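# Fold and contact review
Each chain, letter by letter, is given below.
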Amino acid sequence: MPIREILIWPHPILDTRSLPVGEINEDIKELADDLIDTCDIVGGVGLAAAQIGVSLQMFVLNIGMCNGSKDGYETFINPRVVNLSPGTEKVEEGCLSVPGVSIKVPRHKSISIEYTTIDGETETIKSNSLLAQALQHEMDHLDGKIMVKLGSSIKRPIIRQRMKILKRRMNTENVTYHDVIRNPE
């Protein structure tokens, strides 16, 4: 499947709430494959459809990367939070749409999500580990929230400027996303 371009913030799609997925047809299955292949090639933990310019409520997550198991990628379609632990704690996060940046964001310690699988089955996943953090991060993408906006407002303009410079560099110097994630400066 083709490797898709990952959008870099600021981009309007990353700030927009995604639309629900209708029928799980061949196009949706191809999108899931593209998300997995793209996430895998860049070494990501997860990737939301919005991050590749498709405004649908869908993301993939490498479960094994989050919990140390041999599980692979899971596709989450139209997920909804069914339970969150009370209170939050600040944890360090990165994002494929904000390469080279790591900031502290508030996250609940545990989460339960109900979602539709790529096979059309309804599943529930519960976690209180790194997986819980990754699920919240990807769910935020579906709501048009990006980690930069959840972190320190003081750092936001600096990060925005840094990403604009990075985008300009990609356009003028013909630098690829893969070059950027290897050397974001």
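Shown above is the structure to which this text applies.
Read on for an overview of the structure. As the structure is a prediction and not an experimental result, all values here were calculated from the model. (Residues numbered from 1 in each chain as written. Predicted model: local features only at pLDDT ≥ 70, side-chain atom pairs only at ≥ 80, totals over all residues. Heavy atoms only, no water.)

### A short note on a negative patch on the surface
We apply this condition: Two distance rules govern patches: like charges are joined within 9 Å, and nonpolar side chains (Val, Leu, Ile, Met, Phe, Trp, Tyr) within 5 Å, applied only to residues with over 30% relative accessible area and no salt bridge. Values of accessible area rely on a 1.4 Å probe in the Shrake-Rupley scheme; residue burial ignores everything except the protein chains shown. Salt bridge, as applied in this entry: a Lys or Arg side-chain nitrogen positioned within 4 Å of an Asp or Glu carboxyl oxygen. By the counting scheme adopted, Arg and Lys are positive, Glu and Asp are negative, and His together with the chain ends is not counted. Taken as the charge centre is NZ of Lys, CZ of Arg, CG of Asp or CD of Glu, depending on the residue. The helix and strand labels rest on DSSP assignments: H or I over at least four residues marks a helix, E over at least two residues marks a strand, and numbering proceeds from the N terminus.
The grouping of Glu-26, Asp-27, Glu-30 and Asp-33 at the surface amounts to a negative patch. Structurally, the position occupied by Glu-26 is in helix α1 (residues 26–42).

### Let's talk about the nonpolar core
Looking at soluble globular proteins, one finds that nonpolar side chains tend to be buried together. Heads up, the rule is: Nonpolar core, defined: a set of buried Ala, Val, Leu, Ile, Met, Phe, Trp, Tyr and Cys residues in which side-chain atoms within 4.5 Å join the residues together. Type-normalised accessible area, obtained with a 1.4 Å probe on protein chains alone, sets the label of each residue: buried when under 20%, exposed when over 50%, and partly exposed for intermediate values. Contact between two residues is taken to exist if any of their heavy atoms lie within 4.5 Å; hydrogens are not considered.
One finds Met-58 and Val-98 to be the most contacted residues of the largest nonpolar core, which totals 34 residues. It is α1 that contributes the most residues to this core, six residues altogether. Apart from the residues within four sequence positions on either side, Met-58 is in contact with Val-21, Ile-28, Leu-31, Ala-32, Leu-35, Ala-48, Ala-49, Thr-75, Phe-76, Ile-77 and Leu-142. Ala-48, Ile-111, Ile-113 and Ala-132 belong to the second-largest nonpolar core, a separate cluster that totals 16 residues.

### So, the packing of aromatic side chains
Put simply, the rule reads: In summary, the pairing rule links any two rings of Phe, Tyr or Trp, Trp by its six-membered ring, whose centres are within 6.5 Å, and it sorts them by plane angle into stacked for under 30 degrees, edge-to-face for over 60 and tilted for everything else.
Evaluation of the coordinates by the stated rule reveals two aromatic pairs. Between the aromatic rings of Phe-59 and Phe-76, the centroid separation amounts to 4.7 Å while the plane-to-plane angle is 15 degrees, which identifies the pairing as stacked. Pair noted here: Phe-59 is in strand β2 (residues 58–62) and Phe-76 is in strand β3 (residues 73–84), with a separation of 17 residues, a long-range link. We note that Phe-59, like Phe-76, is buried. By way of ring pairs, the aromatic residues Phe-59, Phe-76 and Tyr-115 are connected into one cluster.

### Notes on the environment of Val-60
Locating Val-60 in the fold gives a position in strand β2. Note on Val-60: relative accessible area 0%, which makes it buried. Once the C-alpha coordinates of Val-60 and Gly-94 are considered, the two residues, 34 residues apart in sequence, prove to be 16 Å apart. Not counting chain neighbours up to four residues away, the residues in contact with Val-60 comprise Ala-32, Leu-35, Ile-36, Cys-39, Val-45, Gly-46, Leu-47, Tyr-73, Glu-74 and Thr-75.

### Focus on the pairing of strand β7 (residues 122–127)
Across a regular strand the side chains alternate sides, sitting on one face of the sheet and then on the other. Our working rule: Two strands form a pair only when DSSP identifies at least two bridges running between them.
Strand direction decides the pairing type here: strand β6 (residues 111–116) and β7, joined by six bridges, are antiparallel. Note on β7: the bridge partner recorded for Ile-113 is Ile-125. Counting the residues in the hairpin turn of β6 and β7 gives five residues, including Gly-120, whose phi is positive at 85 degrees.

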